[in-house]
2 protein chains.
Amino acid sequence: MIRAIVFDAYGTLFDVHSVMGACEHRFPHRGAELSRLWRQKQLEYTWLRSLMDRYENFERITSDALVHACGALGLHLDDAGRVALMDEYRHLAPYPEVPSTLLELADRPKVILSNGSPAMLDAVVANAGLESGFEAVLSVDPLRIFKPSPRVYQLAVDRLGVAPAEIGFASSNSWDIAGATAFGFTTFWINRAGQHADELGQTPHAVLSGLDQLAGHL
Amino acid sequence: MIRAIVFDAYGTLFDVHSVMGACEHRFPHRGAELSRLWRQKQLEYTWLRSLMDRYENFERITSDALVHACGALGLHLDDAGRVALMDEYRHLAPYPEVPSTLLELADRPKVILSNGSPAMLDAVVANAGLESGFEAVLSVDPLRIFKPSPRVYQLAVDRLGVAPAEIGFASSNSWDIAGATAFGFTTFWINRAGQHADELGQTPHAVLSGLDQLAGHL
């Protein structure tokens with residue numbers, strides 16, 4: 001019995017593809033490799049800073065990752081370019097099935113649980129007009145540690161007052177699903193791109209090709 | 001005043017390039033991308049399992065990363081292939097300057113501090129004939145957490161009985177250098193390939209192009 005739903009934000013509710021477009025616009029023919037390295041370093045820095053006990057918020061980490069990625073690829077990034085690319089994260093489009101999925105799940109509490117800083121999350125949710133779809137937008141920021149620390153998943157349990165196994169957790173990130181499964185959530189891997197699962201000793205409850213399949217699995 | 005030296009193992013003392021050769025031999029024309037993804041996933045899994053509090057030793061993680069990388073790249077890996085590729089990690093060659101560097105530093109205690117499991121480390125050190133070069137080979141394994149946790153760097157302090165700032169730490173991994181710098185070691189980034197430093201808010205004491213420059217900087 002799933003009594004509440006927790007959603008990851010970036011890549012799960014919000015399409016980060018537009019970031020690649022903005023990278024390509026600024027650095028023609030290099031957008032794909034820049035956005036790939038930017039995303040990889042963004043994730044690495046969340047894990048490394050968590051382990052180092054040197055937390056900085058997701059906005060700072062995302063900016064640092066962009067600076068590194070441009071440097072490593074020999075791309076000249078000035079301040080205006082950095083500000084413009086960072087701004088993309090506040091204007092991501094939700095995936096097309098998000099509004100109808102939220103309506104289908106209207107009978108259950110729904111929250112966002114994200115690495116994003118509160119300011120980034122509030123902006124992207126407001127710009128997409130989705131404020132009314134969620135009971136809460138939970139950021140890791142007060143904990144000063146990132147996913148997949150179990151302390152992050154506990155945030156949602158504390159807020160919802162529902163046991164982990166009765167919480168459905170949806171994420172497009174295989175490693176996030178592994179962390180949430182280890183924590184005890186009932187997990188739904190939103191694998192739109194048909195990616196290969198990470199080998200972290202955890203198996204999701206179900207693998208779905210989009211959020212529109214979620215209601216049918218509850 | 002540097003009173004003792006701590007070395008990272010893989011990529012710093014031991015050349016992991018031969019792993020690429022073995023990947024290429026088994027999967028012609030795919031060796032470079034396989035060894036790159038294998039290494040990336042190997043590191044990611046150390047960070048993710050540490051954060052998830054789901055430790056498995058480095059041998060298991062390295063094998064899991066290989067299985068994932070082959071699956072993601074559509075390469076068929078049978079048991080014999082997995083065993084043969086894993087065996088490479090026990091027979092890595094030391095970089096050419098390692099023996100002379102150890103002799104130049106003969107007046108100071110020297111230890112290895114590595115993510116590797118004790119069995120993997122003992123094998124690679126013995127196969128390279130370097131047992132007599134180090135006072136100790138320290139593995140993260142008893143702590144059940146990986147670099148860059150400060151608990152790992154503390155292992156070397158406890159063993160050497162020397163203050164962090166009086167310990168010289170050499171690693172080829174920029175993120176390992178960041179963790180060791182944040183911990184308080186005097187750090188030497190061995191940047192043989194001229195890579196771009198990670199943006200983790202830490203600056204090494206010196207950047208060297210090989211271990212042969214180490215003695216001149218102490």
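Since the model is a prediction, treat every value here as computed from it, not as a measurement.

Next up on the list: the pairing of strand β1 (residues 4-7) of chain B. Residues and elements named next belong to chain B. Side chains of β1 alternate between two faces, with A4 and V6 and I5 and F7 buried alike. Where β1 lies against strand β6 (residues 167-171), four bridges are found, and the strand directions are parallel. Counted as the bridge partner of A4 is I167 from β6. Relative to strand β4 (residues 110-114), β1 runs parallel, the two sharing three bridges. Among the inter-strand pairings, I5 is bridged to a residue of β4, identified as K110.

Let us look at the interface of chain B and chain A. A common way to report how large an interface is uses the accessible area buried once the components associate. Contacts between chain B and chain A engage 33 residues on the former and 33 residues on the latter. Summing both partners gives a buried area of about 2,900 Å² for chain B against chain A, and 68% of it is carried by carbon and sulfur. Per-residue buried area on chain B facing chain A is highest for L51, M52 and E199 of chain B; these three make up 25% of the total on that side. Applying the counting criterion to the chain B and chain A interface returns two salt bridges. A salt bridge links K41 of chain A to D198 of chain B; its shortest N-O distance comes to 3.0 Å. Linking chain B with chain A are 12 residue pairs in polar contact (both at pLDDT 80 or more), by the criterion used here. Of all elements in the fold, only α2 (31-52), α3 (58-73) and α8 (174-183) of chain B reach the threshold of two or more residues within the side of chain B that touches chain A. In terms of residue count, the dominant contributor to the side of chain B that touches chain A is α2 of chain B (10 residues).

Every α-helix winds through 3.6 residues per turn, so residues three or four apart in the chain are directed the same way. Residue and element names in this part refer to chain A. For helix α4 (residues 79-87), the full list of buried residues reads G81, L85 and M86. For α4, the arc enclosing every buried residue in end-on projection is 125 degrees, short of the 170-degree limit, so these residues lie on one face. Those residues of α4 that are exposed and aimed more than 90 degrees away from the buried face are D79, A80 and V83. Among the structural elements, α1 (17-26), α2 (31-52) and α3 (58-72) are those in contact with the buried residues of α4.

Of the consecutive residues K147 of chain A and P148 of chain A, the connecting peptide bond is found in the cis state with omega at 5 degrees. Structurally, P148 of chain A can be placed in the loop between β5 (136-139) and α7 (150-160).

So, on to the sheet that holds strand β6 (residues 167-171) of chain A. Residue and element names in this part refer to chain A. Read across the sheet, six strands follow the order β5-β4-β1-β6-β7-β8 without closing on themselves; strand pairing throughout is parallel. Here the strands that pair on one side only, and so sit at the sheet edges, are β5 and β8 (206-208). Each neighbouring strand pair of the sheet contributes to a mean axis angle of 25 degrees, computed without reference to strand direction. Together, β4 (110-114) and β5 form the strand contacts of helix α6 (residues 118-127), whose direction differs from that of β5 by roughly 150 degrees.

Turning our attention to the relation of the copies chain B and chain A. Rotating chain B by 180 degrees about the axis while translating it 0.0 Å along that axis superimposes it on chain A, leaving an RMSD of 0.0 Å. Such values leave the two copies arranged in the relation of a two-fold axis. Among all residues of chain B, the one whose C-alpha sits closest to the rotation axis is W47 of chain B, at a distance of 3.1 Å. Both copies contact each other with a shared surface, as 100% of the interface residues of chain B are interface residues in chain A too.

What follows concerns the layout of surface pockets. Over the atoms rolls a probe the size of a water molecule, and in doing so it shows where empty space is left. Estimates place the volume of the largest pocket at around 1,400 Å³. Along its surface, the largest pocket is lined by 38 residues, and R36, R39, L43, N173 and Q195 of chain A are the ones closest to its centre. Going through the elements one at a time, α1, α2 and α8 (174-183) of chain A together with α2 and α3 of chain B are the ones with two or more residues in the lining of the largest pocket. When residues in the lining of the largest pocket are grouped by element, the largest group, 10 residues, is from α2 of chain A. Residue classes in the lining of the largest pocket are distributed as 17 nonpolar, 13 polar and eight charged. Quantified by volume, the second largest pocket comes out at close to 1,200 Å³. For the second largest pocket, the lining is made up of 35 residues, of which R36, R39, L43, N173 and Q195 of chain B are closest to its centre. Of all the elements in the fold, those that place two or more residues in the lining of the second largest pocket are α2 and α3 of chain A together with α1 (17-26), α2, α8 and β7 (186-190) of chain B. Per-element tally for the lining of the second largest pocket: the top contributor is α2 of chain B, with eight residues. A class-by-class count of the residues in the lining of the second largest pocket yields 16 nonpolar, 12 polar and seven charged.

Basis of the calculations
Sequence order as written defines the numbering, with residues in each chain counted from 1. Chain letters start at A and ligand numbers start at 1, both assigned in the order the entries are written. Two thresholds apply to this predicted model, a pLDDT of at least 70 for residue-level local features and 80 or more for giving and counting side-chain atom pairs, whereas whole-chain, interface and lining totals are computed over all residues. Values reported for side chains reflect all heavy atoms of the structure, with hydrogen atoms and water molecules removed beforehand. Residue exposure (1.4 Å probe, protein chains only): buried if accessible area is under 20% of the type maximum, exposed if over 50%, otherwise partly exposed. A run of H or I in DSSP counts as a helix once it spans at least four residues, and a run of E counts as a strand once it spans at least two, with each numbered from the N terminus. Being paired, for any two strands, means DSSP has found at least two bridges between them. Any two residues whose heavy atoms approach within 4.5 Å are treated as being in contact. Buried area is understood as the total, over both parts, of accessible area removed when two parts are fitted together, assessed with a 1.4 Å probe. Salt bridges are counted wherever a side-chain nitrogen of Lys or Arg sits within 4 Å of a carboxyl oxygen of Asp or Glu. Think of a polar contact as two N or O atoms within 3.5 Å of one another; within protein, one of them needs to be a possible hydrogen donor and the other a possible acceptor, and neighboring residues in sequence only count if both atoms come from side chains. Directions are taken from the helix axis to each C-beta atom, and the arc is the one they span. Whenever a helix is involved, its axis is fitted only over the stretch in contact; in every case the axis is a line through C-alpha atoms, and angles between N-to-C directions fall within 0 to 180 degrees. A least-squares superposition brings the copies together, and it is based on the C-alpha atoms of residues with pLDDT no lower than 70 in both. A pocket, in this scheme, is an open set of points on a 1 Å grid over the protein atoms alone with protein on both sides within 12 Å along at least 5 of 7 lines, while a cavity is a set where a 1.4 Å probe fits but cannot get out; residues line either one if an atom lies within 4 Å of a point. Grid points are joined across faces, edges and corners, and a volume is the space filled by probe spheres set on the points. When residue character is reported, Ala, Val, Leu, Ile, Met, Phe, Trp, Tyr, Cys and Pro are called nonpolar, Asp, Glu, Lys and Arg charged, and the others, Gly included, polar.

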